[in-house]
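# Structural description and commentary
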Amino acid sequence: MRRHGAGTAAAAALALLALAGCGGSPGSGGKADGDTGKPTPAARDKGPACVGEDPGSTVHVLRGGGFKLPGGGGVQYADAAADGTQRTATLRDGSTYASGQEEWKVAPGAEVTVSGHAYAVRQVCAHRVTLEPESAEARTALAAAPASLEPRQGPAADGLCFTTNPVVLEAAAEGFPAQGDTLAFLANGGVQRFPTGLSVTVAYVHPGTGTAGLDANCATVPVAGYEDVRAGDTVEFAGVEFEVADLTDRAVRLTRTSG
């Protein structure tokens, strides 16, 4: 008897659901209340944009990307979190993703050890984490001058892509428009290449939500993977910072903000 009553109640509930799904309010096109048919905007980062200070001559690990470090290892900026007051980053061991890699949730002042070398976290930003090598050996290896500034394929370009050498960084910076000028990436426009081996492409543009994705690679390593960036957000490539100026279904335009 209890079973029969439950079946009747279930049938009534199904009937109500069927009636509710037959239509909406006039002019709704059959969509449920509150469904606009538009993509849902990605949640905005609560900030602050950065915490800590970058003393210079540091390793810049870009959001969504990896960086090769001396000793054969590397580190990735895997995820970010901010609550309006504080900011943290999740770093992952290895320059490219693999299952089972160790992860660390860090804030400025933390220390991580990769391939036998210790690095102090000096600054955490929405677009990058800066690491300062603590050993003279690692500092020397990262600042070493490459044999040539000519970009090459694969790991041969490591000295141009993963370095703190000022000559290399200056050459990379000169490959971009001057400070205050605009750099445009065409949506579905293929890969745009730069002098020291960096390549950048637009992963997607969603004009309805005002968001876009930008991917960068260097020496076969994904060095940045910026997701859901909006006008006003900061991104960085090869040590140079840009502000997202605007985006459309045809292009993403960046204004260079650093020297």
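Residues numbered from 1 in each chain as written. Predicted model: local features only at pLDDT ≥ 70, side-chain atom pairs only at ≥ 80, totals over all residues. Heavy atoms only, no water.

### Considering the packing of aromatic side chains
Two descriptors summarise a pair of aromatic rings, namely the distance from one centre to the other and the angle between the planes of the rings. In the structure shown here, the tally under the stated rule is seven aromatic pairs. Both rings, one in Phe 176 and one in Phe 194, keep their centres 4.8 Å apart while their planes meet at 45°; by these two values the pair is tilted. With Phe 176 in the loop between helix 4 (166–174) and strand 10 (182–186) and Phe 194 in the loop between strand 11 (192–193) and strand 12 (199–206), this pair connects stretches of sequence that are 18 residues apart. Like Phe 176, the residue Phe 194 is buried in the burial classification. Arg 63 extends its terminal NZ or CZ atom over the ring of Tyr 77, reaching a point 5.7 Å from the ring centre. (Phe/Tyr/Trp six-rings, centres within 6.5 Å; stacked < 30°, edge-to-face > 60°. Helix = DSSP H or I, 4+ residues; strand = E, 2+ residues; numbered from the N terminus. Buried < 20%, exposed > 50% of the residue type's maximum accessible area, 1.4 Å probe, protein only. Lys NZ or Arg CZ within 6 Å of the ring centre and 35° of its normal.)

### Regarding helix 4
All buried positions along helix 4 are accounted for by Val 168, Ala 171, Ala 172 and Ala 173. Where the residues of helix 4 are buried, they touch helix 3 (158–161), strand 16 (240–247) and strand 17 (251–256). A distance of 3.0 Å separates the backbone nitrogen of Val 167 from a side-chain oxygen at the start of helix 4, and that oxygen is part of Asn 165. (Contact = heavy atoms within 4.5 Å. Polar contact = N/O pair within 3.5 Å; in protein donor to acceptor, adjacent residues only side chain to side chain.)

### A few points about the pairing of strand 13 (residues 211–218)
When a strand is regular, its side chains alternate between the sheet's two faces. Where burial is concerned, most of strand 13 is hidden: six out of the eight residues are buried. As defined by bridge partners, strand 12 adjoins strand 13 across seven bridges and the pair is classed as antiparallel. Residue pairing across strands places Val 200 opposite Ala 216, the latter belonging to strand 13. Linking strand 12 back to strand 13 in an antiparallel pair, the connection comprises four residues, with Gly 210 at a positive phi of about 70°. When strand 13 meets strand 14 (residues 221–229), the two strands line up antiparallel, connected through six bridges. Bridged to Leu 214 within strand 14 is Tyr 226. Count of turn residues in the strand 13/strand 14 antiparallel hairpin: two residues, of which Ala 219 carries a positive phi of about 55°. (Pairing = 2+ DSSP bridges.)

### Focus: the side chain of Ser 199
Summarising the element assignment, Ser 199 is placed in strand 12. Those residues in contact with Ser 199 that lie beyond four places of it in its chain are Val 191, Gln 192, Arg 193, Asp 215, Ala 216 and Asn 217.

### Points about the state of the cysteines
Under the counting rule described, the total for this entry stands at two disulfides. A sulfur-sulfur separation of 2.0 Å characterises the disulfide bridge that pairs Cys 50 with Cys 125. Measuring handedness by torsion sign, the sulfur bridge of Cys 50 and Cys 125 sits at about 110° and is right-handed. Of the two residues, Cys 50 sits in strand 1 (residues 50–52) while Cys 125 sits in strand 8 (residues 117–125), which places them 75 residues apart along the sequence. On the basis of relative accessible area, Cys 50 is assigned to the partly exposed category, the value being 32%. Look at Cys 125 and you get buried, because its relative accessible area is 0%. (Disulfide = S-S within 2.5 Å.)

So far we have only geometry, and geometry alone does not tell us how the molecule works.
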